[in-house]
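Here are the chains, one letter per residue:
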There are 2 protein chains.
Amino acid sequence: MNLTKVERLLVNYKTLEEFKKFKEYGLQELSMLEDLQANIIENDSDSPFYGVYYGDKLVARMSLYRVDKRFDQYFEPAQDYLELWKLEVLPDYQKRGYGQALVEFAKSFGLPIKTNPRVKSAHFWEKMGFVPVDYDMERDRGENPLVWYPKGVTAKES
Amino acid sequence: MNLTKVERLLVNYKTLEEFKKFKEYGLQELSMLEDLQANIIENDSDSPFYGVYYGDKLVARMSLYRVDKRFDQYFEPAQDYLELWKLEVLPDYQKRGYGQALVEFAKSFGLPIKTNPRVKSAHFWEKMGFVPVDYDMERDRGENPLVWYPKGVTAKES
């Protein structure tokens, strides 16, 4: 049983400062910072990120996005699914189940999940029940998509 | 003047073996290997990859894919564009202009280009005239897209 608490992350300067400790800091985070500075988004509004705190320090995170059924190119029957990216646990906090807790949280929505993991993490995703798709260049464009199928869901026929 | 010769790579066992030396080896390469083994693609057929040889050794490569205008979410006016991925130069062959030669080759088609580079390469892409897009979560989903605009092309209004 995993008792790690997964929380929705709020957009504020503290969160955005903590994001800088993660390797996959990029345009998404910069855009959130600019929107906050320009008052386009409110302080403490919900972000697309979920995370795990150790004390008051953010030590693991992921971004989750619900893709509308109309854009589903992966699942049969076509349906809303979750796209998961930037799953990352800070080096000193790895091997404690935080990554697993985040993925289990994502699964708890009961929707299929697609992710495009960094190269060295195949074993972790396999353990979490994710499988590679049949590569389709037009759709996958150099990505290495892994998917998780809830009961009753299968791969889209290509 | 850059005299490096850029060649279209052919799908054969030699190329696929050389691909294993590149960090970004993944589902795309595995899928090409399986298709070759199953005779779904012919030996020595064109691949989506272009590369630079040093002697008979492949030392740099990229994958290029032409996206149809109908799917263009980046450019104004909407048009066919090139998606560039897996640009990579083997460590011992870096700083010789091979990466630049590949990107210049891609530009020579005269189409806009989109890429989603690995994190540490911002300076290179800037030198090549690429600029970040305005991040759009629905479209970019955690990517860090950089684009190159040929004359007369601008960013799509969001």
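Predicted model, so just to flag it, every value in this text is computed and none were measured.

Enquirer: Can you help me understand the pattern of salt bridges in this one?
Expert: On inspection of all chains with the given rule, the structure shows 22 salt bridges over all chains. The closest approach of N and O atoms between R141 of chain A and E83 of chain B, which form a salt bridge, is 2.9 Å. One end of the pair, R141 of chain A, is in the loop between helix 5 (137-140) and strand 8 (146-148); the other, E83 of chain B, is in strand 5 (residues 81-89), on a second chain. Between D68 of chain B and R70 of chain B there is a salt bridge, and its shortest N-O distance comes to 3.1 Å. Where salt bridges share partners, they join E83, K114 and E143 of chain A together with R141 of chain B into one cluster.

Enquirer: It is not clear to me how the sheet that holds strand 8 of chain A should be interpreted in this structure. Could you clarify?
Expert: Through backbone hydrogen bonds, the strands of a sheet pair up, either in parallel or in antiparallel fashion. All names here are of chain A. Read from one edge to the other, the open sheet built from seven strands follows the order 1-2-3-5-6-8-7, with strand pairing classed as mixed. Where the open sheet ends on each side, the last strands, each with one partner, are strand 1 (7-11) and strand 7 (131-132). Here three bridges tie strand 5 (residues 81-89) to strand 6 (residues 113-115), and the two strands are oriented parallel to one another. Bridged to L84 within strand 6 is T115. Across the sheet, helix 3 (residues 98-107) is in contact with strand 2 (45-54), strand 3 (57-67), strand 5, strand 6 and strand 8; its angle to strand 3 comes to roughly 25 degrees.

Enquirer: Looking at this structure, I do not really get the interface of chain B and chain A. What am I missing?
Expert: A common way to report how large an interface is uses the accessible area buried once the components associate. Listed by partner, the interface residues are 23 residues for chain B and 23 residues for chain A. Roughly 2,000 Å² of surface becomes buried between chain B and chain A when both sides are summed, with 65% attributable to carbon and sulfur atoms. Our enumeration of links across chain B and chain A arrives at four residue pairs in polar contact (both at pLDDT 80 or more). Contributions of two or more residues to the side of chain B that touches chain A are made by helix 2 (27-37), strand 3 (57-67), strand 5 and helix 5 (137-140) of chain B. The leading source of residues in the side of chain B that touches chain A is strand 5 of chain B, at four residues. A breakdown of the residues in the side of chain B that touches chain A according to their chemical character gives 12 nonpolar, five polar and six charged.

Enquirer: Would you mind showing me how to read the confidence of the model for chain A here?
Expert: Close reading of the predicted structure is inappropriate where its pLDDT is low. Per-residue confidence for chain A gives a mean pLDDT of 95; residues scoring 70 or more make up 99%. Of the two predicted TM-score estimates for the complex, the pTM is 0.92 and the ipTM is 0.87.

Enquirer: Would you mind showing me how to read the relation of the copies chain B and chain A here?
Expert: One copy of the chain maps onto the second through a rotation around an axis plus a translation along that axis. Placing chain B over chain A gives an RMSD of 0.0 Å and needs a rotation angle of 180 degrees, together with 0.0 Å of translation along the axis. Such a turn and shift between the copies fits a two-fold axis. Proximity to the rotation axis, assessed at the C-alpha, singles out R118 of chain B in chain B; its C-alpha lies 5.3 Å from the axis. By residue overlap, the copies meet face to face through one surface: 100% of the interface positions of chain B are interface positions in chain A.

Enquirer: Looking at this structure, how should I read unusual backbone geometry?
Expert: With the exception of glycine, the majority of residues adopt a negative phi angle, and the majority of peptide bonds are in the trans configuration. Residue and element names in this part refer to chain A. At the junction of E76 and P77, the peptide bond is cis and its omega measures out at -5 degrees in the coordinates. Along the chain, P77 falls in the loop between strand 4 (75-76) and strand 5. A positive phi is found at D44, a non-glycine position, where the angle reads about 65 degrees. If you trace the backbone, D44 turns up in the loop between helix 2 (27-37) and strand 2.

Analysis parameters
- Numbering of residues starts from 1 in each chain and follows the order in which that chain's sequence is written.
- Just so you know, chain letters begin at A and ligand numbers begin at 1, following the order they were written in.
- Note on the predicted model: pLDDT of at least 70 is required for a residue's local features to be given, and 80 or more for side-chain atom pairs to be given and counted; whole-chain, interface and lining totals, by contrast, use all residues.
- Excluded from the side-chain calculations are hydrogens and water; all other atoms, namely the structure's heavy atoms, are used.
- Every case where a carboxyl oxygen of Asp or Glu lies within 4 Å of a side-chain nitrogen of Lys or Arg is listed as a salt bridge.
- Secondary structure elements are defined from DSSP: runs of H or I of at least 4 residues count as helices, runs of E of at least 2 residues count as strands, and each element is numbered from the N terminus.
- Two strands form a pair only when DSSP identifies at least two bridges running between them.
- Whether two residues are in contact is decided by their heavy atoms: any pair within 4.5 Å suffices.
- Helix axes are fitted only over the stretch in contact, all axes being lines through C-alpha atoms; the angle between N-to-C directions runs from 0 to 180 degrees.
- The term buried area denotes the loss of accessible surface (1.4 Å probe radius) that occurs when two parts are joined, taken as the sum for both partners.
- Polar contacts, as used here, are pairs of N or O atoms within 3.5 Å; protein pairs need one atom able to donate a hydrogen and one able to accept it. Residues neighboring in sequence count only if both atoms are side-chain atoms.
- Any residue that is not Ala, Val, Leu, Ile, Met, Phe, Trp, Tyr, Cys, Pro, Asp, Glu, Lys or Arg is counted as polar, Gly included; the first ten are nonpolar and the last four charged.
- The pLDDT value tells you how sure the predictor is about a given residue, anywhere from 0 up to 100.
- Superposing the copies works by least squares over the C-alpha atoms of residues that have pLDDT at least 70 in both of them.

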